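Now for the letters of each chain:
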Amino acid sequence: MPRLPRIHPLSRAIPFVTLTLIALLLLCFRLQSRLAGAHGLSTVSALFSISREATSGGHLLRLITANLFHVNTGHLQSNLIGLLVFASIFEIALGKTRTVIVILLSAIGGTLGSLLFHIVDWMVGASTILFGVFGGLGVVLVHGRKELGRQFLPLLIAWGITLIPMTTLGYLSLTVVDQGAHAGGFIAGILSTWLLLPPDPAATMQTPPGATARLVMIILLALFAFSVLQEIVPPARLLK
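Bear in mind that the values here come from a model prediction, so they are computed numbers and not experimental data.

Undergrad: Mind laying out the layout of surface pockets, listing which residues take part and the relevant values?
TA: Computed from the structure, the largest pocket encloses a volume of approximately 680 Å³. Lining the largest pocket are 32 residues, and of these His75, Gly170, Ser173, Leu174 and Val177 lie nearest its centre. Of all the secondary structure elements, the ones that give two or more residues to the lining of the largest pocket are α5 (73–94), α7 (127–143), α9 (152–168) and α10 (179–196). The leading source of residues in the lining of the largest pocket is α5, at seven residues. By residue class, the composition of the lining of the largest pocket is 18 nonpolar, twelve polar and two charged.

Given below as structure tokens:
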């Protein structure tokens, strides 16, 4: 049975992107705690969340930044644990650049899903990203099914079973869970991972990102820069 290539060098086995994201989530929770207290939901909603009112007010930057804040400690902890496990595996398998792109697209897909399904009035949380990288892992499994051989079916079954508690554990810390945001992140993670995978499954861990990944990254950076500018400059002045 063909084997997946070993990961070289050692730095590829250390999920720097995932660890950086986790550190950023902790810093953002510290920030919101200082501004409003860990359970100051009215302030969290007004300053950090994504909602239809926020987007209509021109706060497009929150399509990304809303994913960095959380309702309470339990909400944060569950996402941190999930990201540490699944995002680390994803990053080690696909590399840092692809992981950054999938994280950003999952974040945007999750906030758009929240706005589309409108299950809750406002949304915060990194579960969008968690569902995105988890969906991406499913794509990696299917993509590398020939290389995995007999291991493929048990891994796919385990992946599917794991999805069940992921969709329900949020109710331990939240009264209402935004499954629309989860669905948006999940779909965005699947599509973006499928788009970014190299044609040869055996080369997935060693092949550098191609032109598609670079183009997507440039577009994402341009959109991020525009949304930052829109927060600084009133939207009316940007249209002049």
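Undergrad: Before we move on, could you go through empty space enclosed by the protein and cite the residues and values that matter?
TA: Over the atoms rolls a probe the size of a water molecule, and its path tells where empty space is left. Within the structure shown, the criterion is met by one cavity of 30 Å³ or more. Considering only enclosed or pocket space, the largest cavity measures out at about 40 Å³ in volume. Within the lining of the largest cavity, the residues separate by chemical class into four nonpolar, three polar and two charged.

Undergrad: Kindly report on the side chain of Ser88, identifying the contributing residues and their values.
TA: By the element assignment, Ser88 lies in helix α5. Look at Ser88 and you get buried, because its relative accessible area is 9%. Side-chain polar atoms of Ser88 contact the backbone oxygen of Leu84, separated by 2.5 Å. Those residues in contact with Ser88, other than ones at most four positions away along the chain, are Pro15, Thr18 and Leu83.

Undergrad: Would you mind going over the packing of aromatic side chains in detail, with residue names and values included?
TA: Within a pair of aromatic rings, the relevant descriptors are the distance that separates the centres and the angle that separates the planes. Scanning all chains against the criterion turns up four aromatic pairs. Here the aromatic rings of Phe86 and Phe134 are separated by 4.9 Å at their centres, their planes lie at 75°, and the arrangement is edge-to-face. Taken as a pair, Phe86 in helix α5 and Phe134 in helix α7 lie far apart in primary sequence, 48 residues in all. When sorted by exposure, Phe86 lands in the same class as Phe134, which is buried. Measuring from ring centre to ring centre gives 5.2 Å for Phe134 and Trp159, while their planes differ by 5°; the resulting arrangement is stacked. Of this pair, Phe134 sits in helix α7 while Trp159 is found in helix α9, placing the two residues 25 residues apart along the sequence. Ring pairing ties together the aromatic residues Phe86, Phe134, Trp159 and Phe186, which thus form one cluster.

Undergrad: Outline the nonpolar core, supporting the account with residue identities and numerical values.
TA: Judged by nonpolar contacts, the single largest core of 48 residues is most densely connected at Leu21, Leu25, Leu83, Phe86, Ile101 and Val133. Counting residues per element, the ones that place at least two in this core are α1 (16–36), α2 (41–48), α5, α6 (96–117), α7, α9, α10 and α11 (211–232). With residues near it in sequence (within four places) discarded, Phe86 still touches Leu130, Val133, Phe134, Leu137, Thr162 and Met166. Of all hydrophobic cores here, the second largest spans seven residues; its members include Ile50, Leu115, Val120 and Met123.

Analysis parameters
- Residues numbered from 1 in each chain as written.
- Predicted model: local features only at pLDDT ≥ 70, side-chain atom pairs only at ≥ 80, totals over all residues.
- Heavy atoms only, no water.
- 1 Å grid on protein atoms, 1.4 Å probe; cavity = no way out; pocket = protein on both sides within 12 Å on 5 of 7 lines; lining within 4 Å.
- Points joined across faces, edges and corners; volume = space filled by probe spheres on them.
- Helix = DSSP H or I, 4+ residues; strand = E, 2+ residues; numbered from the N terminus.
- Nonpolar A, V, L, I, M, F, W, Y, C, P; charged D, E, K, R; others polar.
- Buried < 20%, exposed > 50% of the residue type's maximum accessible area, 1.4 Å probe, protein only.
- Polar contact = N/O pair within 3.5 Å; in protein donor to acceptor, adjacent residues only side chain to side chain.
- Contact = heavy atoms within 4.5 Å.
- Phe/Tyr/Trp six-rings, centres within 6.5 Å; stacked < 30°, edge-to-face > 60°.
- Core = buried A, V, L, I, M, F, W, Y, C linked by side-chain atoms within 4.5 Å.

Shape descriptors only; they carry no functional weight alone.
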